[in-house]
Amino acid sequence: MTITTVGIIGAGTMGNGIAQACAVSGIHVVMVDISDAAVQKGVATVAASLDRLIKKEKITAADKDAALARIQGSTSYDDLKAAQIVIEAATENYELKLKILKQVDAIVAPEVIIASNTSSISITKLAAATSRADKFIGMHFFNPVPMMALVEIIRGLQTSDATHDAVKQLAERLGKSPITVKNAPGFVVNRILVPMINEAFFVLAEGLATPEDIDAGMKLGCNQPIGPLALADMVGLDVCLAVMDVYLAEFGDSKYRACPLLKEYVAAGRLGRKTGRGVYQY
């Protein structure tokens, strides 16, 4: 399969990042969201990101114009009919994703691949809700998408080899380094990462060290580029909590119990960078 157009559902942080990666690589994009305002905000975010690359002399102004010209914003799922693959990049909520995927499944042609950018929800379970389980796959990008090289390709029980190979080739075409993983809650990276973030909240709650010292310890002692608490603020504390809740429900193991302090921060609306305050003030 030759992929010339990628459909993306969601113009938020992940959706517009995937759109940028595709557009810069010469692939046409149809980016769909629920309102014109959301779509325009997504396109504006891509434009600002490309401007930063111009300042760093990574691309030219002509490259920026060409990339933006490849992105079609829309509020209609009908426009996804032009795509050979549709990537769902909506909020990490099972019921919402299920609703979206069923709508897309009913609209696009039978040969179109559907991928989910989920970071924790079962690909096998999502695939079973569509009429094309063999053409359903997980394609988990990492934030910020234009900068991060990794894409986790998650095979559901029903995913065909042809679907896997086509998606792997697409990831490589975007300049990414894909790894293939089996379907399981959190897959590989988040299975290890989010419990570590959760443990950092327990350490903070117990008063063992300040947030700054916890992060400095992990940066200097484990050679991590960013500490776990600062990373949680970047990811979104609500996202971290949602992922931990999925682990607890799916595994039934108390080691995945979300830290009460993490729950408190989320209840207070302190979600991280996106709200201006999380563990740190922004």
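Draft legend 1. Representation of unusual backbone geometry in the model. Between N143 and P144 the backbone carries a cis peptide bond, its omega angle lying at 0°. Along the chain, P144 falls in the loop between β6 (136-141) and β7 (150-155). Of note, the phi angle at E57 is positive, near 60°, even though the residue is not glycine. With respect to the helices and strands, the residue E57 is situated in the loop between α2 (36-55) and α3 (61-69). Among the residues examined, E57 registers a relative accessible area of 72% and is labelled exposed. Backbone geometry at F187 places phi at a positive 60°, although glycine is not the residue there.

Draft legend 2. Spatial organisation of the packing of aromatic side chains. A full pass over the atoms with the stated rule returns four aromatic pairs. Judged by centre distance (5.5 Å) and plane angle (70°), the rings of Y247 and Y256 are edge-to-face. Looking at Y247, the relative accessible area reads 0%, which means it is buried. Of the residues examined, Y256 reaches a relative accessible area of 5% and is grouped as buried. We note K125 situated over the ring of Y94; from NZ or CZ to the ring centre the distance is 4.5 Å.

Draft legend 3. Representation of the pairing of strand β5 (residues 113-116). Neither face of β5 is open: one carries I113 and A115, the other I114 and S116, and all of them are buried. Judged from the three bridges that link them, β5 and β6 form a sheet pairing that is parallel. Each residue of the ladder has a partner; that of A115, found in β6, is I137. Tracing the backbone out of β5, into helix α5 (residues 123-128) and back to the parallel element β6 gives a crossover that is right-handed.

Draft legend 4. Structural view of the pairing of β7. Here four bridges tie β6 to β7, and the two strands are oriented antiparallel to one another. By the bridge assignment for β7, F141 is matched with V151. As judged from the six bridges shared by β7 and strand β8 (residues 177-182), these two strands associate in the parallel manner. If you follow I153 over to β8, its bridge partner there is T180. In the classification by handedness, the crossover that spans β7, the intervening helix α6 (residues 161-173) and the parallel β8 is right-handed.

Draft legend 5. Main features of helix α9 (residues 228-235). With six of its eight residues buried, α9 lies for the most part within the structure. Three or more residues of α9 are buried, namely P228, L229, A230, L231, A232 and D233. Just beyond α9, the residue with positive phi is G236, at close to 110°.

Draft legend 6. Inspection of the sheet that holds strand β1 (residues 5-9) at higher detail. One open sheet holds the eight strands; their spatial order is β3-β2-β1-β4-β5-β6-β7-β8, and the pairing between them is mixed. Each end of this open sheet is capped by a strand with a single partner; those strands are β3 (71-74) and β8. Along the sheet, successive strands turn relative to each other by an average axial angle of 25°, direction set aside. Pairing of strand β4 (residues 85-88) with β5, which is carried by four bridges, proceeds in the parallel orientation. Looking at the pairing, I87 lines up with A115 of β5.

Draft legend 7. Expanded view of the pattern of salt bridges. The full count for this structure, using the stated rule, is seven salt bridges. Here D51 and K64 are joined by a salt bridge, their closest N and O atoms 2.7 Å apart. Of this pair, D51 sits in helix α2 while K64 sits in helix α3, and the two are 13 residues apart along the sequence. Accessibility expressed as a relative area gives 16% for K64, which makes it buried. In this structure, E92 engages K97 in a salt bridge whose closest nitrogen and oxygen atoms are separated by 3.8 Å. Overall, the relative accessible area of 0% leaves K97 in the buried class.

Each value, and the rule that gives it
Residues numbered from 1 in each chain as written. Predicted model: local features only at pLDDT ≥ 70, side-chain atom pairs only at ≥ 80, totals over all residues. Heavy atoms only, no water. Helix = DSSP H or I, 4+ residues; strand = E, 2+ residues; numbered from the N terminus. Buried < 20%, exposed > 50% of the residue type's maximum accessible area, 1.4 Å probe, protein only. Phe/Tyr/Trp six-rings, centres within 6.5 Å; stacked < 30°, edge-to-face > 60°. Lys NZ or Arg CZ within 6 Å of the ring centre and 35° of its normal. Pairing = 2+ DSSP bridges. Right-handed = clockwise from strand over helix to strand, strands pointing away. Axes fitted to C-alpha atoms, helices over the stretch in contact; angles between N-to-C directions. Salt bridge = Lys/Arg side-chain N within 4 Å of Asp/Glu carboxyl O.

Function-wise, these values are silent; they only describe arrangement.
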